[in-house]
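Examination of the molecular architecture
Here is how the chains run, residue by residue.
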Amino acid sequence: MSLAQVHYSSAAPGDEGTAGRFTAVGPGVSGALLAEIEPLVRYELPGGVPDRPSDAELRSLPQAFGYFVLSDGSRLVARSAPVRDVGGAGSGVRFHAHAVHVPVGVPLPGDRLPVEAWRSPHWVAVTPGGAIPDPLALPPGPAAVSEGLDDFAVSRGPWLAAVLADLRRASDAEAAGGQPVVLVERQCADVARWLGLASVTLPRESAERLTFTTYTRRPEGSASRVMGVLPEDAAAARAAGLRVHECAGPSPAGGGTGDAWAATAARVWRSRSPELFGEARELPGEPFAAGPLAVTALCAGVELGPDERAAAAGWAADRPYALDAKRTGQLVEALTSPGIDDRTGPEFDSVGLLFGALEGRCPASVTAPLAAMLVTEAVRGGNGSLELPRRDAFSGPEGAEVAARLGPEILTELADTAGSRSVARTVQLLRVARLLGVDGRDSLPGVVNRLAPALLAEAAAHEGSPGFAPALLELLDEQFEVRTALLGALDRIAPEDPGAVAGFLERVTLPFTGTQALPHLRMCAEVPEAMATLGGDRAAMWHRVLRAAGLSPFAEPLVLRTAVGLVWEDRAPTVEEARLLLDAATSDAHRAAGTWARLVDAALGASAAGTSAAGTPTAGTSAAGTDEAAGLAHDLLRGFPEEIGGRERAGLLLLVLVRELRTGAPEPGWAERVRTLCARAEPVEPALRERAYAALVERLLAPDRPGAELYGFVHGEDAELIAAYDRAARTETVRARLRTQPAYAADCFTVWTAHPHAGRAWPPVAAALLDEVLRPAVRGMPAESVAEVEETVGRTGSSGRADAFRDWNRSSALGRLGRRIAGRVRRG
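Anyway, here's the lowdown on the structure attached to this text. The residue numbering used here restarts from 1 in each chain and proceeds along that chain's sequence as written. Local features are withheld for residues below a pLDDT of 70 in this predicted model, meaning they are given only at 70 or higher, and side-chain atom pairs are given and counted only at 80 or more; totals for whole chains, interfaces and linings count all residues. To obtain the side-chain values, all non-hydrogen atoms of the structure were included, while hydrogens and water were left out.

What follows covers the overall build of the protein. Numbering goes from the N terminus for both helices and strands, where a helix is a DSSP run of H or I of at least four residues and a strand is a run of E of at least two. If you tally the helices and strands in the protein, you get 37 helices and 9 strands. Each residue's exposure class comes from its accessible area (1.4 Å probe, protein chains only) as a fraction of the maximum for that residue type: buried when under 20%, exposed when over 50%, partly exposed otherwise. Split into buried and exposed, the 828 residues of the protein put 48% on the buried side. In this analysis, two residues are considered to be in contact whenever any of their non-hydrogen atoms come within 4.5 Å of each other. The long-range fraction of contacts in the protein, counting pairs at least 24 apart against all pairs at least 6 apart in sequence, stands at 68%. Each accessible area value is a Shrake-Rupley result obtained with a 1.4 Å probe; residue values ignore everything except the protein chains displayed when judging cover. Taken as a whole, the protein presents about 37700 Å² of accessible surface, with 52% of it coming from carbon and sulfur.

Here it is in structure tokens:
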């Protein structure tokens, strides 16, 4: 079928007001299409062209060869070329456009791609004779488009992958409104060669969607997906936001494109093997998936990068039956080549998947190199995420060779105690050692003793399940001796840090349901369920966790330490809980477990919540709790006389003394003992100090206190203790007793006046108590009660003491009388 021809010439010099005209139009091309075609075929000379160029200069000017899709779906293949204007008086430059209109559904002659018409000799630079010539056939070009493309591809190696990646995106059916690609070349023929590369590399349907022009001065206004520009127009294209590749300048800096398909295609071109594109299209997969092309290239001996090799291995792993035995062997040989030194983690992961897919489907001689490569990487590369092959993959001579090569390295690293080795690394080495049959029994105890604490440390450093968990569980499932040794090591660690072990077991479910006793691990594993069931009932949790051990504290005292650490963690038990712990085992068991220290903390930390701001206990609150703490302290002092010393011993003795001050008859010298024990117990718990002072001053304010104790207190010069006495004497309890008990008031008068020269702390406090506490109480008494106070002071002291009381009381009365008289005088 003939295709309609269109010819267009620019205006001649002197034709003002017109850009050009159609000089010949074949049948079937409507006026509407001509209006659409005209801007597509216009040509603009490059900058700096002389008015009268020489023949050589004219031939060097660029030609615009383009392929366009018109609004009605038809297509246009056109060439616009500069020509000399020989008419008139000058010899300037005009241009002539020759185009072929291709209707919808009609192929080009020979069913060729548009770019293949680039070298056709039938493009003309003049309009054929006659006004409108008959339709002309477009003969096929003289050579295939691939001629010379190998050399061009090699010459454009630095840009090849990036340009092919952008040409692929430009050919996408969904990218019609996407970002065009601009190729900067000094010769428009080189832009056509880029399009020739695309026509061979891309699938045919993608290449047919790739509209283009090999030369334009205004890429920002072009409707083509690919445009060629000269170097002087590159800046304008970049300013317009287009994808620009300056292939006429220095090689681009930076890494790859991130497009494995484009990188593979570039390597195929550089290896001068374009026939591989057709072979790759015969394999299953998406049109631009890197896997089929990478597999084809590797099987043909083309060297690829790590991303492309990973794509090949991944594709073959997903389709283990897509390749015949020959090509499978070629692929394995290429992937395991000893000359490759840039393998990456993702590549090894893909090779591991390929090994898993081929194992059992191919002879061991085919898969053995893959297995050897994987275990070699596991040992020398430190890739802890590899999926290791099964043990039977090394049953043949290949396994013996790998074991002889890697075995000494594995044992040396496992025995190294100086380096810092991660859990994943240790687990991987142990698994590989078993795969290769390496005997590491001698080093196993040391390895496990270092691995156990590392497990806890790494797990605690991250939220959720640690990354090494799957490999660790596989190791324990594979190797009974490692499982036994590691669980035993963790069980030995648990009493020292039960919280860390319990937290680890919440994240990693270890298999310890066998015959090993493992009492501490079982207790740690019981905690989450116990907490969920029993909540804050720590006593019930204690019993449940202890039962989970399966051993009595009498038989294994360390279960006490583990249970206490799990239930109370870093807190001290209450006095009631400490009593429960003390009664649960003998003092020898607590001594062996070291839990006696927790019991001491419980006694010393007993709260004095019932102590008032004045330092005296409020009714019915903490007195009973203090007595319980004192009882616990007494039993601890008796049960652990050698273990408890220093400030803890002084604190416990102080607790016992507080109880004796409240309820019994302490041995003489108790006032001094309170001060001494507080000093020895420093830093004493504030609640305990407050309770001790409150008990002491309460006893000193009692009428039956020994005079020697009072004397020692007054002359002790302990300002803090005297201040506590002052606060207690001012409480409402003491004031009420003074108002209602004349004998008590007489006793306080005697005490508060008996030591006027007892240092510096006591006299001002005693004087203030006389004036501010006792005087208001006596003032409110009836006359007979005041007389009783006076009589009691004289009977228990001396006549001089009674006279002193009368003078003290009279001065108070006279003071009141004087104030009344002064008030009357002022009113008069």
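Time to look at the pairing of strand 1 (residues 4-10). Counting buried positions over the 7 residues of strand 1 gives 7, a clear majority of the element. Taking every second residue as pointing to the same face, both faces of strand 1 are buried, with Ala4, Val6, Tyr8 and Ser10 on one and Gln5, His7 and Ser9 on the other. In this structure, strand 1 lies alongside strand 2 (residues 20-25), joined through 5 bridges in antiparallel fashion. Following the sheet pairing, valine 6 is matched in strand 2 by valine 25. Any two strands with at least two DSSP-identified bridges between them are counted as paired.

With that out of the way, let us pick up the sheet that holds strand 7 (residues 212-213). Within a beta sheet, neighbouring strands are joined by backbone hydrogen bonds and run either parallel or antiparallel to one another. In spatial order, the strands read 2-1-5-4-3-7-8-6-9; together these 9 strands make up an open sheet with mixed pairing. Each edge of the open sheet is held by one strand with a lone partner, namely strand 2 and strand 9 (243-246). Where strand 3 (residues 64-69) meets strand 7, 2 bridges bridge the pair, whose relative direction is antiparallel. Counterpart to tyrosine 67 in the pairing with strand 7 is phenylalanine 212. Along the sheet, helix 1 (residues 31-41) makes contact with strand 1, strand 2, strand 3, strand 4 (75-84) and strand 5 (93-102), crossing strand 2 at roughly 120°. In the packing of helix 4 (residues 157-170) onto the sheet, the strands contacted are strand 6 (181-184), strand 8 (226-229) and strand 9, and the crossing angle to strand 9 comes to about 150°. Helix axes are fitted to C-alpha atoms over the stretch in contact, other axes to C-alpha atoms as well, and angles between N-to-C directions run from 0 to 180 degrees.

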